[in-house]
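Now for the letters of each chain:
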Amino acid sequence: MIYFFLADGFEEVEAICPLDLLRRAGLEVKTVGIGKREIVGAHGIEIRADMLDSEYCDSAPELIFLPGGMPGTLNLLASDVVKSAVLTAHKNNAYIAAICAAPMILGELGLLQGKEAICYPGFEDKLRGAYLSDKRTVADGKILTAAGMGVALDFGLLIVSILKGEDKAKELRSAVIAD
């Protein structure tokens, strides 16, 4: 199972675009609301989460997804459930995806040591131990990071290519982008 953790103040596009792509790819995804089911994004868009953080108990997720946005990233970082889920996923060799400011959570938890990573400009000092990338999306082992809202589509397609294969990602890209 894939889990998207959502906290008040999350960047809507960074969550919804990859979430939509993963579901289109046939992946099983649940959204997890931090502290409540109705989560309000940074720009006032309200999302009803599939489950509460108090209901989260998966010790072997396929992927944990952390959207950025402010104060959403700080609200995720303040959540013991999120920190525990991320650390458990890392321990069990699951994928962890973070976009925009959210890679700072991985830095704070010490998961970026020796990893190539990217984040929204201005948060680089929070990526403790990482090799800062100039790419828009980065996959370094099981750690996936992206620069921000402008690459949400690319990030979602990267995740699809990793979990479902390059052909599925190309198929989805063709379906959502008129070239």
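That block above? That's the structure.
This structure is a prediction, so every number in the text was calculated from the model and none was measured. Just so you know, the residues in each chain are numbered from 1, in the order the chain's sequence is written. In view of the model being predicted, local features appear only for residues whose pLDDT reaches at least 70, and side-chain atom pairs are presented and counted only at 80 or more, with totals across whole chains, interfaces and linings using the full set of residues. Only hydrogens and water are removed before side-chain values are computed, so all heavy atoms of the structure are retained for them.

Student: I'd love a proper account of the packing of helix 1 (residues 12–24) against helix 5 (residues 152–164), names of residues and values included.
Tutor: Angular values range over 0 to 180 degrees, each being the angle between N-to-C directions of two axes fitted as lines to C-alpha atoms, with helices fitted over their stretch in contact. Each helix is a run of DSSP H or I of at least 4 residues and each strand a run of E of at least 2, with the numbering of both proceeding from the N terminus. Close contact between helix 1 and helix 5 brings their axes to 8 Å; oriented N to C, the two are set at 35 degrees. The way helix 1 lies across helix 5 gives a crossing that is right-handed. Where helix 1 approaches helix 5, its residues Val13, Glu14, Cys17, Pro18, Leu21 and Leu22 are matched on the opposing element by Ala152, Leu153, Gly156, Leu157, Ile159 and Val160. Only Asp, Glu, Lys and Arg are considered charged, only Ala, Val, Leu, Ile, Met, Phe, Trp, Tyr, Cys and Pro nonpolar, and every remaining residue, Gly among them, polar. A per-class count over the contact of helix 1 with helix 5 returns 10 nonpolar, one polar and one charged. The crossing is said to be left-handed when, going from far helix to near helix, the turn is anticlockwise and less than a right angle, and right-handed when the turn is clockwise. Any two residues whose heavy atoms approach within 4.5 Å at even a single point are treated as in contact.

Student: Tell me about the packing of aromatic side chains, and please be specific about residues and values.
Tutor: Working definition: a ring pair exists when centres of Phe, Tyr or Trp rings (six-membered ring for Trp) sit within 6.5 Å. Plane angles under 30 degrees give stacked, over 60 give edge-to-face, the rest tilted. If you walk through the whole model with that rule in mind, you get four aromatic pairs. With a centroid separation of 4.8 Å and 90 degrees between ring planes, the pair formed by Tyr3 and Tyr56 is classed as edge-to-face. Note that Tyr3 is positioned in strand 1 (residues 2–6) and Tyr56 in the loop between strand 5 (51–52) and strand 6 (63–66), a separation of 53 residues in sequence. For the ring pair Phe4 and Phe65, a centre distance of 4.1 Å and an interplane angle of 10 degrees mean the geometry is stacked. You can see Phe4 sitting in strand 1 and its partner Phe65 sitting in strand 6, a full 61 residues away along the chain. We note that Phe4, like Phe65, is buried. Chaining the aromatic ring pairs together yields one cluster made of Tyr3, Phe5 and Tyr56. Its guanidinium or amino end placed over the ring of Tyr95, Lys142 lies 4.3 Å from that ring's centre, counting from NZ or CZ. Burial classes follow relative accessibility: with a 1.4 Å probe on protein chains only, a residue under 20% of its type's maximum area counts as buried, one over 50% as exposed, and anything between as partly exposed. Counting as a charge over the ring demands two things of the Lys NZ or Arg CZ atom: a distance within 6 Å of the ring centre and an angle within 35 degrees of the ring normal.

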